Structures are given as C-alpha cells and as structure tokens.
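Residue-level structural notes
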Amino acid sequence: MARNRREPRRLIADGRAYLWTLRHTHRVLDSGRSADCRETLTLYPQPAGTGGPLRIVFADGPGRYVPGGFPMGSGDVGYVHGGSLNLHEPGAVRALLDVALARGWRPGEQRAVEVDGWTLLEAAAAARGRTGPAGT
C-alpha cells in the first residue's frame, strides 16, 4: 500500500521521536507559471506538547533550485553548483535535524522555530555525501 503524502512521517533520532511533514508552496502568476516556490520541512517533537515545531524553509533564489516536480523530483532542493537533498528521504531529514541540533535548536522549547534551510544545507548534504555540482 502506498504512503499517504499528507500523513506525517515518523523519525527517531537519539532516542527522541519526531513527526515530520513536507509542504511545497508557491504563488501562481497571471501567465499560469509558478513563482516564489518554497519547500517547508516541519519536525514536531513527540509526544505532542513536549516541544514546539522546527520549520526548515527553503525558498527559491539565485543559484538555488526548489522545483515543484517535473523535470526534477518533488522535494529536491539544492544549489545549482553545490549540495542538494531530497526532502522526502528520511536520511536527508535526519541530516538536517542533526545540523539544526548542533547549531542550537532545542526540541524541548515550547515555541515554534523557523530556520532558513539554506544555512543548514551544505553541512547536511556533506553528511549525506551530496556536495558536488547539482548533488554529484
């Protein structure tokens, strides 16, 4: 049976459980084309109520790609000439979580925290071995 893309996925890291979701958003121009694409990865410490969510946001911009699907995969983010990740892969989510924790995010804090994903990407991609041009 296929996984429901809208259902949160579960991740266990260092003895702590998280639920995580990935959402793609953009606005549609009058021409019908998409603009201002963003991928938002949200991790929710479990059990519910034990900490606020961590939102890792990847917004498109010069030298970056945040496609919404074809011809690149849904969930792909990266630098045109640098690291890349597929945010649907649990290993990529774990790598981003590890970098966020190393840089001071505390899952027990009760407030929501939003982080610019581009500040975490190179370290997470290096941990996954995805550091060359377009992820090679």
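Quick note: structure is the one above.
Reading guide: rules and limits
Residues numbered from 1 in each chain as written. Predicted model: local features only at pLDDT ≥ 70, side-chain atom pairs only at ≥ 80, totals over all residues. Heavy atoms only, no water. Salt bridge = Lys/Arg side-chain N within 4 Å of Asp/Glu carboxyl O. Helix = DSSP H or I, 4+ residues; strand = E, 2+ residues; numbered from the N terminus. Buried < 20%, exposed > 50% of the residue type's maximum accessible area, 1.4 Å probe, protein only. Core = buried A, V, L, I, M, F, W, Y, C linked by side-chain atoms within 4.5 Å. Contact = heavy atoms within 4.5 Å.

A few words now on the pattern of salt bridges. On inspection of all chains with the given rule, the structure shows four salt bridges. Between D98 and R94 there is a salt bridge whose closest N-O contact spans 2.8 Å. Of this pair, D98 and R94 both sit in helix α1 (residues 90-102), four residues apart, which is roughly one turn of that helix. Notably, a salt bridge pairs R111 with E109, separated by 3.4 Å at the nearest N-O pair. A residue is classified by how much of its surface remains accessible, and E109, at 28% relative accessible area, is partly exposed.

This next bit is on the nonpolar core. Membership of the largest hydrophobic core comes to 32 residues, with the highest contact counts inside it found for L43, L85 and L96. Per element, the largest residue contribution to this core is eight residues, and it comes from α1. Leaving out residues up to four positions away in the same chain, L43 has contacts with L11, Y18, L19, W20, P53, L54, I56, V93 and L97.

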